[in-house]
Amino acid sequence: TRSLTITSVDQSMFEKAQGEKVTLPCTFEVSEEDEGPLDIEWVLIPADNQKREKIIIMYAVDRVYNKYYGYVTGRMQFTHLDPRSGDGSLDITNLKAEDTGTYQCKVKKAPGVQSQKLQLTVLVKPARTKCSIEGSQEIGKDVTLKCVSQEGSPLLSYDWRRVSGTQDLPATSVLNKNTGELLLKNASREYSGRYNCVASNRVGTDECSVELNVTPPVNTAGIIVGAIIGTLLGLSVLCSIIFCCYKKHREKKYEKEVHHDIREDVPPPKSRSSTARSYIGSNRSSLGSMSPSNMEGYTKTPYSQVPSEDFERAPPPNPAFAPSKVAAPNLSRMGAVPVMIPAQSKDGSIV
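Keep in mind that what you see is a predicted model, and the values were worked out from it rather than measured. Numbers given to residues run from 1 along each chain, matching the order in which its sequence is written. Since the coordinates come from a predicted model, pLDDT governs what is reported: local features require at least 70, and pairs of side-chain atoms require 80 or more to be given and counted, while whole-chain, interface and lining totals use all residues. Note that the side-chain values use all heavy atoms of the structure and ignore hydrogens as well as water.

Asks: I keep staring at the overall build of the protein and nothing clicks. Help me out?
Replies: On a plain count of helices and strands, the protein comes out with three helices and 18 strands. Residue burial is assigned from relative accessible area. The probe radius is 1.4 Å, only protein chains are included, and a residue is buried under 20% of its type maximum, exposed over 50%, and partly exposed in between. The burial tally for the protein puts 28% of its 351 residues in the buried class. Taken as a whole, the protein presents about 23900 Å² of accessible surface, with 54% of it coming from carbon and sulfur. Helix and strand definitions here come from DSSP, where helices need a minimum of 4 consecutive H or I residues and strands a minimum of 2 consecutive E residues; each element is numbered from the N-terminal end. Residue-level accessible areas treat just the shown protein chains as cover; the underlying method is Shrake-Rupley with a 1.4 Å probe.

Given below as structure tokens:
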């Protein structure tokens with residue numbers, strides 16, 4: 001008995017680049033016995049068995065349903081507007097990496113039911129490829145040219161070529177196409193020039209370039225001597241700064257100690273003239289009432305109690321006036337110590 005059959009079985013695997021368009025075929029034929037309504041479903045089967053299948057587009061009861069998931073809306077649609085013609089193929093535009101997976105086309109027209117699985121792989125072209133140089137660019141040294149693509153589906157392949165001068169790579173070069181490294185052994189001045197790297201996979205290529213400049217060895221001895229001299233100069237400057245800071249700190253500390261030693265609550269010393277006058281006045285009063293009865297009390301006052309600072313500088317004698325002669329009583333009999341009493345002239349000066 002003849003029943004519904006799917007005729008598009010020639011190709012089951014598809015590889016496309018990101019951003020391109022793909023058509024997944026699903027053509028079919030129905031028999032006279034298939035009298036039920038036509039249903040066509042496209043299902044995405046995830047690679048992870050733990051995830052559920054997703055119906056991405058469906059045709060049923062003469063109507064298309066394709067708004068199940070937002071990320072496929074507007075990008076997936078039937079190739080023909082009327083799938084009843086026998087063509088239920090699926091068009092996917094602006095392919096993305098997440099579109100990779102297994103797609104199943106299921107056609108049902110009772111009593112006939114058929115399905116077909118197709119594998120789609122979306123590849124990403126190499127992009128953002130960068131070139132760099134590793135190692136010293138000196139004569140006699142080994143230099144490595146590196147090439148890496150930031151984007152791109154595996155398997156990526158790298159190839160180096162020389163742009164300037166002879167386009168052939170140096171005889172001592174070793175190329176690793178999987179890692180993108182080009183090793184130049186025992187580099188010479190002739191190795192200098194521009195090198196170009198091409199990264200490629202099954203869907204596209206990307207390029208980058210780098211300039212190699214091989215120079216004579218650097219005078220390392222001179223550099224070391226210069227570095228030592230610079231270090232010593234720096235240390236000397238640093239020591240000078242530390243010494244100045246220490247000296248300034250000591251000076252501030254000394255000033256602070258001296259400031260604390262001065263007592264603010266001590267009254268200022270009396271002037272010498274006032275001290276001397278008060279002393280003279282007190283002695284005058286004593287002399288005025290001097291008698292054998294009060295002489296004893298006067299002699300008990302020691303001369304050493306008079307502040308020495310009040311008489312450090314005696315006023316010069318005034319030649320115009322002669323000192324008054326005061327006859328002092330004979331005190332030796334009384335056991336008293338003779339005391340020299342300063343006299344006062346007519347103008348008030350002390351002599």
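Let us keep going from here.
Asks: Looking at this structure, how should I read unusual backbone geometry?
Replies: Phi is mostly negative for residues that are not glycine, and the peptide bonds are mostly trans. Of note, the amide linkage connecting alanine 110 to proline 111 takes the cis form, showing an omega dihedral of 5°. One can find proline 111 in the loop between strand 10 (101-109) and strand 11 (112-123). Positive phi is not limited to glycine here, since valine 61 has a value of about 55°. Within the secondary structure layout, valine 61 lies in the loop between strand 6 (54-60) and strand 7 (63-65). Judged by relative accessible area, valine 61 falls into the exposed class, the value being 66%. We note that arginine 128 has phi near 50°; this positive angle belongs to a residue other than glycine. Tracing the backbone shows arginine 128 in strand 12 (residues 127-134).

Asks: Even after reading the chapter, I still don't get the sheet that holds strand 12, so can you show me in this structure?
Replies: The strands making up a sheet associate through backbone hydrogen bonding, with each pair oriented either parallel or antiparallel. Strand pairing requires that DSSP identify at least two bridges connecting the strands. The strand order 12-13-16-15 describes an open sheet built from four strands, whose pairing is antiparallel. Among the strands making up the open sheet, the edge pair consists of strand 12 and strand 15 (173-176). Taken pair by pair, the neighbouring strands of this sheet meet at an average axis angle of 10°, ignoring direction. As judged from the four bridges shared by strand 15 and strand 16 (residues 181-184), these two strands associate in the antiparallel manner. Residue pairing in the sheet places leucine 175 in a bridge with leucine 182 of strand 16. Axes here mean lines fitted to C-alpha atoms, for a helix over just the part in contact, with angles spanning 0 to 180 degrees between N-to-C directions.

Asks: Would you explain the confidence of the model for the protein in this entry?
Replies: Low-confidence regions, as indicated by low pLDDT, have predicted coordinates that should not be scrutinised in detail. Per-residue confidence from the prediction method is given by pLDDT, with values spanning 0 to 100. Confidence in the prediction of the protein, expressed as mean pLDDT, is 78, and 70% of residues score 70 or more. The contact criterion used is simple: two residues touch if any of their non-hydrogen atoms lie within 4.5 Å. Confidence drops under pLDDT 50 across residues 272-276; counting only partners more than four residues distant or on other chains, this segment forms seven contacts. Segment residues 319-329: pLDDT under 50, and three contacts once partners within four positions in sequence are set aside and those in other chains are kept.

Asks: Can you help me understand the nonpolar core in this one?
Replies: The biggest cluster of nonpolar side chains holds 26 residues, and the ones touching the most others in it are Leu24, Trp42, Ile92, Tyr103 and Val107. Of all the secondary-structure elements, those providing two or more residues to this core are strand 3 (22-24), strand 5 (38-45), strand 6, strand 8 (76-78), strand 9 (90-92), strand 10 and strand 11. Broken down by element, this core gets its largest block of residues, four residues, from strand 5. By nonpolar core is meant a set of buried Ala, Val, Leu, Ile, Met, Phe, Trp, Tyr and Cys residues that side-chain atoms within 4.5 Å join together. With 18 residues, the next largest nonpolar core counts Tyr158, Trp160, Ala187 and Val214 among its residues.

Asks: Can you help me understand the pattern of salt bridges in this one?
Replies: Think of it this way: side chains of opposite charge can pair up when their charged atoms draw near. By convention in these notes, a salt bridge is any Lys or Arg side-chain nitrogen within 4 Å of a carboxyl oxygen on Asp or Glu. In total, this model carries nine salt bridges according to the counting rule given. Residue glutamate 151 pairs with arginine 128 through a salt bridge whose shortest N-O separation is 3.6 Å. You can see glutamate 151 sitting in strand 13 (residues 143-151) and its partner arginine 128 sitting in strand 12, a full 23 residues away along the chain. Of the charged contacts, one joins glutamate 211 and arginine 194 as a salt bridge, the two residues approaching to 3.3 Å between their closest N and O atoms. Taken together, the positions of glutamate 211 in strand 18 (residues 204-212) and arginine 194 in strand 17 (residues 193-201) put the pair 17 residues apart, joining distant regions of the chain. We classify glutamate 211 as partly exposed; its relative accessible area is 44%.

Asks: So what exactly am I meant to see when it comes to the pairing of strand 5 here?
Replies: Side-chain direction in a regular strand flips from residue to residue, so the side chains alternate between the two faces of the sheet. Taken across its eight residues, strand 5 has six buried, putting it largely inside the fold. Bridge analysis of strand 5 against strand 10 gives eight bridges, and the strand direction is antiparallel. Residue pairing in the sheet places leucine 44 in a bridge with tyrosine 103 of strand 10.

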